[in-house]
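The primary structure of each chain is shown beneath.
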Amino acid sequence: MSGGPAVRVSIESSCEKQVQEVALDGTETYVPPLSMSQNLAKLAQRIDFSQGSDSEEDSAEGEPRDREWGKQEQEEEEGTVKFQPSLWPWDSVRNNLRSALTEMCVLYDVLSVVKEKKYMALDPVSQDPTAGKTPQVFQLISKKKSLAIAAQLLLKGGEKLTKSVAENQENRRQRDFNSELLRLRSQWKLRKVGDKILGDLSYRSAGSLFPHHGAFEVIKNTDIDLDKKIPEDYCPLDVLIPSDLDGSAYIKVSIQKQAPDIGDLGTVNLFRRPQKNKGSTQPWHVKLEAAQNVLLCKEIFAQLSREAVQIKSQIPHIVVKNQIISQPFPGLQLSISLCHSTSGEKKSSRASPEKSKPDNHLYVLEHNLHQMMREFHKQQLSSVVMPHPATAPFGHKRLRLAGPLAYDKTEISNLQQSEGLLEKIIKQAKHIFLRSRTARTIDSLASRIEDPQIQAHWSNINDVYESSVKVLITSQGYEQICKSIQLQLNIGVEQIRVVHRDGRVITLSHQEQELQDFLLSQMSQHQVHAVQQLAKVMGWHVLSFSNHVGLGPVESIGNASAVTVASPNGEYAISVRNGPESGCKVLVQFPRSQIKELPKSDIIQDAKWSHLRGPYKEVHWSKMEGRNFVYKMELLMAALTPCP
Amino acid sequence: MGVACVCQVPVAEGKSVQQTVDLLHKKLEQLGAVKQGSFCVDCETYHATGNVSGQPSKLLYVMHNSETPLSCLALFEGGPCLVADANFDVLMVKLKSHFQNAKGHKVECRGSRFRYCDFLIKVGTVTMSSSARGISVEVEYCPCVVPGDCWNLMKEFMQSFLGTSVPELPSVFAAKPEGLFAPADCVDTVTQYLELFNKLRKLQIPGSNVR
């Protein structure tokens, strides 16, 4: 605010009221202003509803709205061009009201016409028919055209589909050379030399050291007549395998009794295996696989024959033509032969003088040979591979620890494999033979002898060099009581180790007779053991027991065993002697009182001595009732125990 | 692996080293032992060149034993012992700057090996720069690894063919803790050989004739 003397400004409203009269004393009498309702009535009197105006009064409408009710005179002077001088603020209102009235009248008229139907009535108005009725023919033609267009589109699409399907089938049938070559390449090693395509089917990349090249050639099969129908097994690709790998081969390992004369050695025994040709595999694949198998068989046989010649053994191995013959056990002959039948030879050369039975061929050993050869390959490969860590020396991984852990010679030799293929296969063959012979021995004994029963439980899990069987000798009906003879047989390569239940360990050789004798002696011992156990159950007292009794006739197999048991009241005694050869002998001792002729003696005066046991009497064991020895013994014991 | 005892056999009166060795061989064969090849134990000495001050430098002995053909043992006298690969020799060549080889001190013990049931007997001639210094006999009892358990048996066995020159319990075994399981291993054997070699080396210096 500026510094100046304040000015007083007064505002006074102008005089609005009219003066009606001025009195003699100077007082003015004003005309009282009109009230609101009086003002409105005054204005409304001015409206002339008879005069309507059709002019657009848009601009005129806007103006009266923002005028105050009090000011009337000014708007008439401020008029625009459109604003008609005769129109005054109420014009728009009047017009609107007039139009509203008109509408209402019309509506009322319509309603009265509809309702009363006195002077006028409503009547439906008939529709005019649409202009230009199209003729039928024209419609038909247009529909046909549109359908034809749609059909054409569909046909085009269908044609495309059938064409592609036909092309696929055509492709599959035709078997393009290149696609077949691609398939071949995905499974076999190929390389291009000049304009020839060569392949490698040897195991050299897998670690083999066999010097065969194993190369095959891929050629195009062009001898096809395009006019004729293409045969089902047509293949545009063909493989040429080397002539010495032609046909199929396998290694036959068989054990037979030693041939009496050595003259028929060297015969090529062919035994043609049926060709398994599945329709889904390509012919070239079958051919190549067969050739690879022939190569592997050749390698195995070459390795075996090399070892047979080089390795010194007690009985030398004979290598004749395609056979290697060795003697694992005396009287036995193991022959490993390479049977290679080329596809050119017919079946006429099938006859072999030996007429070997089909089950003579030990398939397990053939499989093992293949497996061992592949293991050898793998070893070769892994020894070339760099050792980890890089500072370690080449060779077996475990040998790296030999230095720091100060392994001695035995441990080192354990780590290093020194056995060749031939030695291994001979050991396996020995074991198989020993195992089958043991089984045969046990089975023959079990079927021959009924009284103590032999049970053999073979274990499922075996080694190539070791199997085991548990042999139980029991009496029928008394399995729970008489179970003292349980043998665990560990069948090795050349020996059988028997572990008895009582802890004895016996080593038997490969001789069949030894095992049989041993089992027979155990059976006879079992009978006596059974009597001992039975006595415990029946309440009889065991007076003496011996596994190897020195009295009586000498047995050729094992020893006889004997037991003496006395009845609960001591009156009777039973003595049993059982030997593997001599059979069983049972004697019963009676009390003296039962003997009819008692030798009179001066010394024995007292009557009490007659209660002692006296002489023996033998029992006719074969005439006893009972299905087996222990049953008979039980009956005998029961008979000798008098009822109280 | 077993308990081995190394002892020295004095040369018989009026006989050479070779003759004494032959005598022992004969005795063993009479006993029923079977000759099974030969053996060799050798020892090389290295001086540690680290110490400058007047302290005597520590001697590192690198020994090989044909019983453990792929290993090499490195030990300080009375101190720690390392069992390593055969490449350790090559490593020692690389460590020339720290360990110098005392070439004249190489000791070897060669001889034949006999086996008598569970016992392994090695009769050897200790040679230092191709002059025979003495005779060593090593008796190993293979089944046992605890020296205390089998010492009596070994002593009795040694008495049967060595006669009077039977040693006492070797110090390496006496030093083992009582009551705890302390098996004997190749380190003990080699330590005994080292003691024997050192003893024989010292014997030469005063000029006593061993031949």
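Please read all numbers here as calculations on a predicted model, not as lab measurements. (Residues numbered from 1 in each chain as written. Chains lettered and ligands numbered in written order. Predicted model: local features only at pLDDT ≥ 70, side-chain atom pairs only at ≥ 80, totals over all residues. Heavy atoms only, no water.)

Asks: Explain the overall build of chain B here, please?
Replies: Along its length, chain B carries five helices and eight strands. Secondary structure elements of chain B, listed N to C terminal, follow the sequence β-α-β-β-β-β-α-β-β-β-α-α-α. In chain B, which comprises 211 residues, the proportion classed as buried is 47%. In chain B, 58% of the contacts between residues at least 6 apart in sequence involve partners at least 24 apart. (Helix = DSSP H or I, 4+ residues; strand = E, 2+ residues; numbered from the N terminus. Buried < 20%, exposed > 50% of the residue type's maximum accessible area, 1.4 Å probe, protein only. Contact = heavy atoms within 4.5 Å.)

Asks: Please explain the overall build of chain A as it appears in this structure.
Replies: Within chain A one finds 12 helices and 20 strands. Looking at chain A residue by residue over its 644 residues, the buried ones come to 33%. Taking as baseline every contact in chain A between residues at least 6 positions apart, the subset at least 24 positions apart corresponds to 59%. Accessible surface, chain A: about 43700 Å² in total, of which carbon and sulfur atoms supply 55%. (Areas by Shrake-Rupley, 256 points an atom, 1.4 Å probe, with all protein chains shown as cover.)

Asks: Just to check I follow, could you spell out the pattern of salt bridges for this structure?
Replies: Counted by the stated rule, this structure contains 15 salt bridges over all chains. We note a salt bridge from arginine 504 of chain A to aspartate 502 of chain A, for which the minimum N-O separation is 3.4 Å. Of the charged contacts in the structure, one is a salt bridge between lysine 155 of chain B and glutamate 168 of chain B, with a shortest N-O distance of 3.9 Å. Taken together, the positions of lysine 155 of chain B in helix α3 (residues 147-162) and glutamate 168 of chain B in the loop between α3 and α4 (171-174) put the pair 13 residues apart, joining distant regions of the chain. On the basis of relative accessibility, which here comes to 57%, the residue glutamate 168 of chain B falls in the exposed class. Linked through salt bridges whose partners overlap, the residues forming this network are Glu67, Arg113, Lys122 and Glu138 of chain B. (Salt bridge = Lys/Arg side-chain N within 4 Å of Asp/Glu carboxyl O.)

Asks: How should the sheet that holds strand β16 (residues 541-546) of chain A be read in this particular structure?
Replies: Backbone hydrogen bonds hold the strands of a sheet together, and the pairing may be parallel or antiparallel. Residue and element names in this part refer to chain A. Here five strands make up an open sheet; going across it, the order is β16-β17-β18-β19-β20 and the pairing antiparallel. Taken across any chain shown, the strands that pair with only one partner, and hence form the sheet edges, are β16 and β20 (613-618). Looking at each pair of strands side by side, their axes are set apart by 15 degrees on average, direction ignored. In terms of strand pairing, strand β17 (residues 561-566) meets strand β18 (residues 573-579) through six bridges, oriented antiparallel. If you follow alanine 562 over to β18, its bridge partner there is arginine 577. In this fold helix α12 (residues 629-640) packs onto β17, β18 and β19 (583-591), with an angle of close to 165 degrees to the strand it touches most, β18. (Pairing = 2+ DSSP bridges. Axes fitted to C-alpha atoms, helices over the stretch in contact; angles between N-to-C directions.)

Asks: How do you make sense of unusual backbone geometry when you look at a structure like this?
Replies: With the exception of glycine, most residues fall at negative phi, and the peptide bonds are largely trans. Phi angles above zero are rare outside glycine, and lysine 117 of chain A is one such case at about 55 degrees. Structurally, lysine 117 of chain A is set in the loop between α4 (90-116) and α5 (136-174).

Asks: I'm lost on the pairing of strand β5 (residues 81-85) of chain B in this one. Help?
Replies: Looking down a regular strand, the side chains alternate between one sheet face and the other. As paired strands, strand β4 (residues 71-76) of chain B and β5 of chain B are joined by five bridges and run antiparallel to one another. In the sheet register, leucine 73 of chain B faces β5 of chain B, and the bridge partner there is valine 83 of chain B.

Asks: Whenever I open this one, a nonpolar patch on the surface confuses me. Can you help?
Replies: Taken together, Val106, Val110, Val114 and Leu122 of chain A make up a surface patch of nonpolar side chains, about 350 Å² in accessible area. With respect to the secondary-structure elements, leucine 122 of chain A resides in the loop between α4 and α5. (Patch = residues over 30% accessible without salt bridge, like charges linked within 9 Å, V, L, I, M, F, W, Y side chains within 5 Å.)

Asks: Looking at this structure, I do not really get the interface of chain A and chain B. What am I missing?
Replies: By a frequent convention, interface size equals the accessible area lost on bringing the separate parts together. The partner chain B presents 13 residues to the 10 residues of chain A that form the contact. Between chain A and chain B lies a buried interface of about 910 Å² when both sides are counted; carbon and sulfur atoms form 56% of it. It is Gly403, Ala406 and Lys409 of chain A in chain A that bury the most area against chain B; as a group they hold 47% of the surface buried on that side. At the boundary of chain A with chain B, the tally comes to zero salt bridges. The interface formed by chain A and chain B includes two residue pairs in polar contact (both at pLDDT 80 or more). A class-by-class count of the residues in the side of chain A that touches chain B yields seven nonpolar, one polar and two charged. (Buried area = accessible area lost by both parts, 1.4 Å probe. Polar contact = N/O pair within 3.5 Å; in protein donor to acceptor, adjacent residues only side chain to side chain. Nonpolar A, V, L, I, M, F, W, Y, C, P; charged D, E, K, R; others polar.)

Asks: Where do I start with the side chain of threonine 20 of chain B in this structure?
Replies: All names here are of chain B. With respect to the helices, strands and loops of the structure, threonine 20 is situated in helix α1 (residues 17-31). Owing to a relative accessible area of 5%, threonine 20 belongs among the buried residues under this scheme. One polar contact links the side chain of threonine 20 to the main-chain carbonyl oxygen of serine 16, over a distance of 2.7 Å. Apart from residues no more than four positions distant in its own chain, threonine 20 is found in contact with Pro10, Val11, Ala12, Lys15 and Ile135.

Asks: Is there a simple way to think about the packing of aromatic side chains in this case?
Replies: Any aromatic ring pair is given by two values, namely how distant the centres are and how the planes are angled relative to each other. Using the criterion set out here, one finds nine aromatic pairs over all chains in the structure. Ring plane angle 45 degrees and centroid distance 5.9 Å describe the contact between tyrosine 193 of chain B and phenylalanine 197 of chain B, whose orientation is recorded as tilted. With a gap of four residues between them, tyrosine 193 of chain B and phenylalanine 197 of chain B both fall in helix α5 (residues 186-204), about one helical turn apart. One aromatic cluster in this structure is built from Tyr116, Phe119, Tyr141, Phe157 and Phe161 of chain B. The aromatic ring of tyrosine 465 of chain A is capped on one face by lysine 427 of chain A, whose charged end is 4.6 Å from the ring centroid. (Phe/Tyr/Trp six-rings, centres within 6.5 Å; stacked < 30°, edge-to-face > 60°. Lys NZ or Arg CZ within 6 Å of the ring centre and 35° of its normal.)

Asks: Where do I start with the pairing of strand β10 (residues 332-341) of chain A in this structure?
Replies: Residues and elements named next belong to chain A. Of all 10 residues making up β10, 10 are buried, and the element is well covered by its neighbours. Pairing of strand β7 (residues 248-257) with β10 involves 10 bridges; the strand directions are antiparallel. The partner of serine 248 across the bridge, within β10, is serine 341. Pairing between strand β9 (residues 323-326) and β10: four bridges, direction antiparallel. When the bridges of β10 are listed, glutamine 323 appears paired with serine 337. The turn joining β9 and β10, which pair antiparallel and follow one another in sequence, is formed by five residues; a positive phi near 85 degrees is taken by glycine 331.

Asks: What am I meant to see in the sheet that holds strand β13 (residues 486-491) of chain A here?
Replies: Residues and elements named next belong to chain A. Taken in spatial order, the five strands make up an open sheet running β11-β12-β13-β14-β15, and their pairing is antiparallel. The open sheet has two edge strands, β11 (452-458) and β15 (505-508), and neither has a second partner. Averaged over all neighbouring strand pairs, the angle between strand axes comes to 20 degrees, with direction disregarded. Two elements, β13 and strand β14 (residues 496-500), share five bridges in a ladder whose sense is antiparallel. Looking across to β14, one finds that asparagine 490 is bridged to arginine 497. Relative to the sheet, helix α10 (residues 421-448) contacts β11, β12 (467-475), β13 and β14, its axis offset from that of β11 by approximately 150 degrees.

Asks: Explanation requested: α12 of chain A in the structure shown.
Replies: In an α-helix, one full turn covers 3.6 residues, which means residues spaced three or four apart are oriented alike. Residues and elements named next belong to chain A. An ideal rise of 1.5 Å per residue puts 16 Å on 12 residues; α12 measures up with 16 Å between its terminal C-alpha atoms. Residues of α12 that are buried: Phe629, Val630, Lys632, Met633, Leu636, Met637 and Leu640. Along the long axis of α12, the arc covered by the buried residues comes to 155 degrees, so they all point the same way. Packed against the buried residues of α12 are β12, α11 (512-538), β17, β18 and β19. (Expected span 1.5 Å × (residues − 1). Arc of directions from axis to C-beta.)

Such coordinate-based values are descriptive only and should not be taken to indicate function.
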